[in-house]
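This is what each chain is made of:
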Amino acid sequence: MGLFPEEKITVNLGERAYEVIIGPRLLSRLGHFLSGRDFTPRALLVTNTTAARLYAPLAEKSLARAGFEVVRAEIPDGEEHKSLATAAELYDLAYEHELDRRSPVLALGGGVVGDLAGFMAATYLRGVPYVQLPTTLLAQVDSSVGGKVAVNHPRGKNIIGAFYQPRLVLADVETLKTLPPREVRSGLAEVIKYGVIADPLFFAWLEENAERLLALEPAALVHAVAASVRIKAQVVEEDEREEGRRAVLNFGHTLGHALEAATGYTAWRHGEAVAVGMAAAARLAVYLGMLAEEEAARLVDLLRRVGLPVGLPGGISPEELLAFMRRDKKVLSGRLTFVLPVEIGKVEIVRDVPEEAVRRVLRLCYN
Ligand code: NAD
Ligand code: GLY
């Protein structure tokens, strides 16, 4: 890799195909990437106070150089703003500024901004183009790719949403330099997930290079983000609307979501909860005789090495967690479904996992 490593991955979805470009110095060339497309030259830049302070001027300067007029929508930081009320404010702003059907919506920030801006773009004027400019590791490897867009309902996360693909994703790895270490680790949980579900060589690469990623080495980041996006793109190409295989992306999420819900979505970052969920799923797979103990140990070791939690906190009982699992929107007719590894690099979707097995394994998962 030279001084300017850059990877380009196409998400092949026919007329909805788009490129994900991963590299340094992409935001400063944003205008160039948007030029020559069928966009009208007035863009809505959706961002939050944190991402705006750090990166909006860079993006806006480049857009202005390319002849775009930018309307900036800056929302407060926080998951609670991924709401219908905030989406309504975005509609008002777009309408006031006469954005038309070909005006692009640009999502500059983490997954909260990306999901919200994508949802707004899916619904404003029955759909306008949008571009993802993810600035967290989690958003670069997961939420910006694949077209799941949503806002939260007061009673549940991502309850109101759509499948709506972006026109382009620019993952500028230089933006990750300002991420708090906890957010880096949270994103790494999803990166590790991709190794387990689909790519043993990538998992082995992560075992070798975890420290380079924690040190935010650009070449290592480009490699890890690109490998992750390549896997996500393949899964989404096969099953865009999660009717089957896409569910493998939920490895670690059955328990992860329950843990987030049981703690009111405040104590745990998503990736931290997924890390505990992946460790528990591996233990469950061992318990059910599907996975060798050494393979589960490799996963738990790697999660620990990058500083992620692998055990349940005291104070939440297995029964409480089971109750949340039964209520998850991905549960069909009350049957508990888990994505379980059979080896590093291969998982199976197992429906109807007996509750008693889950209960027993959960009891072994406390810190
Ligand atoms: P986030 O968007 O809240 O970002 C985390 C924090 O980092 C925020 O405080 C944010 O302001 C800050 N931040 C963003 N970029 C920064 C930077 N470069 N430097 C410093 N700080 C920065 O959280 P997230 O983890 O990126 O995303 C979580 C959201 O993504 C959830 O709402 C979740 O439901 C959603 N999600 C969606 C999908 C999907 O497929 N659509 C997948 C996974 C998660
Ligand atoms: N984050 C899971 C998915 O995109 O399907």
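Quick caveat, the model's predicted, so the values are computed rather than measured. (Residues numbered from 1 in each chain as written. Chains lettered and ligands numbered in written order. Predicted model: local features only at pLDDT ≥ 70, side-chain atom pairs only at ≥ 80, totals over all residues. Heavy atoms only, no water.)

A. Looking closely at the sheet that holds strand E9 (residues 168-172). Strand order in the open sheet made by the seven strands is E1-E2-E9-E6-E5-E3-E4, with mixed pairing throughout. Sheet topology places strand E1 (7-11) and strand E4 (69-75) at the edges, where each strand pairs with a single neighbour. Mean inter-strand twist for the sheet, computed between neighbouring axes without regard to direction, equals 15°. As paired strands, strand E5 (residues 105-109) and strand E6 (residues 130-134) are joined by five bridges and run parallel to one another. Note that in E6 the partner of leucine 106 across the bridge is valine 131. Across the sheet, helix H4 (residues 111-123) touches strand E3 (42-48), E4, E5 and E6, and the angle it forms with E5 is around 170°. (Pairing = 2+ DSSP bridges. Helix = DSSP H or I, 4+ residues; strand = E, 2+ residues; numbered from the N terminus. Axes fitted to C-alpha atoms, helices over the stretch in contact; angles between N-to-C directions. Contact = heavy atoms within 4.5 Å.)

B. Inspection of the confidence of the model for the protein at higher detail. The pLDDT averaged across the protein works out to 95; a share of 97% of its residues lies at or above 70. Considering each helix and strand of the protein separately, the mean pLDDT is smallest for helix H12 (residues 318-327), with a value of 92, and largest for E6, with 99. (pLDDT = per-residue confidence, 0-100.)

C. Helix H2 (residues 49-65), seen in detail. Helix length check: H2, at 17 residues, gives a terminal C-alpha distance of 23 Å against a target of 24 Å (1.5 Å per residue), a fit within 8%. Of all bends in H2, the biggest is about 60°, found at tyrosine 55, and the proline proline 57 comes one to four residues later. Of the residues making up H2, those classed as buried are Ala51, Ala52, Tyr55, Ala56, Ala59, Glu60, Ser62 and Leu63. Check the buried side of H2 and you find it contacts helix H1 (30-34), E3, E4 and E5. One side-chain oxygen at the N-terminal end of H2 lies 3.1 Å from the backbone nitrogen of threonine 50; it belongs to asparagine 48. (Expected span 1.5 Å × (residues − 1). Bend = angle between axes of the 7 residues up to and from the residue. Buried < 20%, exposed > 50% of the residue type's maximum accessible area, 1.4 Å probe, protein only. Polar contact = N/O pair within 3.5 Å; in protein donor to acceptor, adjacent residues only side chain to side chain.)

D. Inspection of the site of ligand 1 at higher detail. Surrounding ligand 1, one finds 26 residues, the nearest of these being Asp77, Glu79, Thr135, Thr136 and Thr178. Between ligand 1 and the protein, one listed contact pairs a nitrogen atom with a backbone N or O atom of lysine 148 at 2.9 Å. Threonine 178 is positioned such that a nitrogen or oxygen atom in its side chain is 2.7 Å from a nitrogen atom of ligand 1. Put simply, the parts of the chain that give the shell around ligand 1 at least two residues each are H2, H4, helix H5 (137-143) and strand E8 (156-163). (Near = heavy atom within 4 Å.)

E. Structural view of the pairing of E1. Bridge analysis of E1 against strand E2 (residues 18-23) gives five bridges, and the strand direction is antiparallel. Considered in E2, the bridge of isoleucine 9 is made with valine 20. Between E1 and E2, which pair antiparallel one after the other, the connecting turn spans six residues, and glycine 14 there sits at a positive phi close to 60°.

F. Layout of the site of ligand 2. Neighbouring ligand 2 are the residues Asp142, Lys148, Lys232, Glu242, Arg246 and Leu249. One nitrogen or oxygen atom from the side chain of arginine 246 is found 2.7 Å from an oxygen atom belonging to ligand 2. Taking 200 Å² as the accessible area of ligand 2 by itself, protein coverage stands at 87%. Taken together, the residues of the shell around ligand 2 sort by class into one nonpolar, no polar and five charged. (Areas by Shrake-Rupley, 256 points an atom, 1.4 Å probe, with all protein chains shown as cover. Nonpolar A, V, L, I, M, F, W, Y, C, P; charged D, E, K, R; others polar.)

G. Just the pattern of salt bridges, in detail. Inspection of every chain in the model, using the stated rule, returns 26 salt bridges. Here glutamate 207 makes a salt bridge to arginine 298, at a shortest N to O gap of 2.8 Å. Of this pair, glutamate 207 sits in helix H7 (residues 200-214) while arginine 298 sits in helix H11 (residues 293-305), and the two are 91 residues apart along the sequence. The class for glutamate 207 is partly exposed, based on a relative accessible area of 22%. With a relative accessible area of 29%, arginine 298 lands in the partly exposed category. Note that arginine 359 is salt-bridged to glutamate 356, the shortest N-O span being 2.7 Å. (Salt bridge = Lys/Arg side-chain N within 4 Å of Asp/Glu carboxyl O.)

H. Structural context of the packing of aromatic side chains. If you walk through the whole model with that rule in mind, you get three aromatic pairs. Measuring from centroid to centroid gives 6.5 Å for tyrosine 91 and tyrosine 124, while their planes differ by 15°, and the two rings are stacked. Placement of the pair is tyrosine 91 in helix H3 (residues 84-96) and tyrosine 124 in the loop between H4 and E6, with a sequence separation of 33 residues. Overall, tyrosine 91 belongs to the partly exposed group, its relative accessible area being 24%. Overall, tyrosine 124 belongs to the buried group, its relative accessible area being 8%. Seen in terms of ring centroids, tyrosine 130 and tyrosine 164 are 5.6 Å apart; in terms of plane orientation they differ by 10°. Their pairing is stacked. With tyrosine 130 in strand E6 and tyrosine 164 in the loop between E8 and E9, this pair connects stretches of sequence that are 34 residues apart. (Phe/Tyr/Trp six-rings, centres within 6.5 Å; stacked < 30°, edge-to-face > 60°.)

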